[in-house]
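Coordinates in review
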Amino acid sequence: MIDPEAYNEETDGTLLTVSAEIFSVEPEGFEIHVTNDEKNEKKVFTSARGYAEYLIESVDSSRKDNFVAPWLPSPHARRYDIDLVGMELSMMQEWMEKELGEAQMG
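Residues numbered from 1 in each chain as written. Predicted model: local features only at pLDDT ≥ 70, side-chain atom pairs only at ≥ 80, totals over all residues. Heavy atoms only, no water.

Side note on the sheet that holds strand β2 (residues 30-36)
Across the sheet, four strands lie side by side as β3-β2-β1-β4; this open sheet has mixed pairing. The open sheet is flanked by β3 (41-45) and β4 (66-68), the only strands paired with a single partner. Averaged over neighbouring strand pairs, the angle between their axes works out to 20° when direction is ignored. As judged from the five bridges shared by β2 and β3, these two strands associate in the antiparallel manner. Note that in β3 the partner of Val34 across the bridge is Lys43. Helix-sheet contacts for helix α1 (residues 48-61) involve β1 (15-24), β2, β3 and β4, and the interaxial angle to β2 is about 10°. (Pairing = 2+ DSSP bridges. Helix = DSSP H or I, 4+ residues; strand = E, 2+ residues; numbered from the N terminus. Axes fitted to C-alpha atoms, helices over the stretch in contact; angles between N-to-C directions. Contact = heavy atoms within 4.5 Å.)

Here you go:
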């Protein structure tokens, strides 16, 4: 992951940051609270897929040259929910890489 603070003045103003934090909700479930710094927009998603789609949309529509998507500390999230979100995002990434590989070969 790229550290937004590691960028120098040359990249200042060209970095889109879409940060996220997980909150557990009772009795079961989670919310992903997302902040897009370019649009000064806050969104809440109840699925990893919704978060991933929003991230892709944000990057595609951004006028910035680079992006980072840091996960903020999530002290209000159960370990189970954090692990579940990570697993779902990992599975989506594997699926996308497989689809891209098949498209390039075909």
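Here we look at unusual backbone geometry
Of the consecutive residues Glu26 and Pro27, the connecting peptide bond is found in the cis state with omega at 0°. Note that Pro27 resides in the loop between β1 and β2.

Side note on the environment of Ser90
Tracing the chain through its elements places Ser90 in helix α2 (residues 79-105). Residue Ser90 is classed as partly exposed on the basis of its relative accessible area of 34%. Each C-alpha atom, one on Ser90 and one on Ala48, is 10.0 Å from the other, the two residues being 42 residues apart in sequence. (Buried < 20%, exposed > 50% of the residue type's maximum accessible area, 1.4 Å probe, protein only.)

A few points about the packing of aromatic side chains
Per the counting criterion, the structure on display carries two aromatic pairs. Here Phe45 and Tyr54 contribute two aromatic rings whose centre-to-centre distance is 5.4 Å and whose plane-to-plane angle is 40°, an arrangement assigned as tilted. Its relative accessible area of 15% is what places Phe45 among the buried residues. Judged by centre distance (5.0 Å) and plane angle (50°), the ring pair of Tyr51 and Trp71 falls under tilted. (Phe/Tyr/Trp six-rings, centres within 6.5 Å; stacked < 30°, edge-to-face > 60°.)

Things to note about the side chain of Ser19
Mapped onto the elements, Ser19 comes out in strand β1. Setting aside chain neighbours within four positions, we find Ser19 in contact with His33, Val34, Thr35, Pro70 and Leu72.

Describing the confidence of the model for the chain
The predicted model of the chain averages 87 in pLDDT, with 87% of residues at 70 or higher. The least confident element of the chain, judged by mean pLDDT, is α2 at 87; the most confident is β2 at 98. With pLDDT under 50 throughout, residues 7-11 is counted as low confidence; its partners more than four residues away or in other chains account for three contacts. (pLDDT = per-residue confidence, 0-100.)

A short note on the nonpolar core
Ranked by size, the top nonpolar core spans 16 residues in total, and within it Val18, Ile22, Phe30, Ile32, Val34, Tyr51 and Val85 carry the most contacts. Ignoring anything within four residues of it in the chain, the contact list for Val85 reads Ile22, Phe30, Ile32, Ala48 and Trp71. (Core = buried A, V, L, I, M, F, W, Y, C linked by side-chain atoms within 4.5 Å.)

Quick look at the side chain of Glu21
Tracing the backbone shows Glu21 in strand β1. The side chain of Glu21 is buried and forms no salt bridge, while Lys42, the nearest opposite charge, is found at 9.0 Å. Once you skip the residues sitting within four places of it in the chain, Glu21 turns out to touch Glu31, Ile32, His33, Trp71, Leu72, Pro73, Ser74, Pro75 and His76. (Lys, Arg positive; Asp, Glu negative; His and termini not counted. Salt bridge = Lys/Arg side-chain N within 4 Å of Asp/Glu carboxyl O.)

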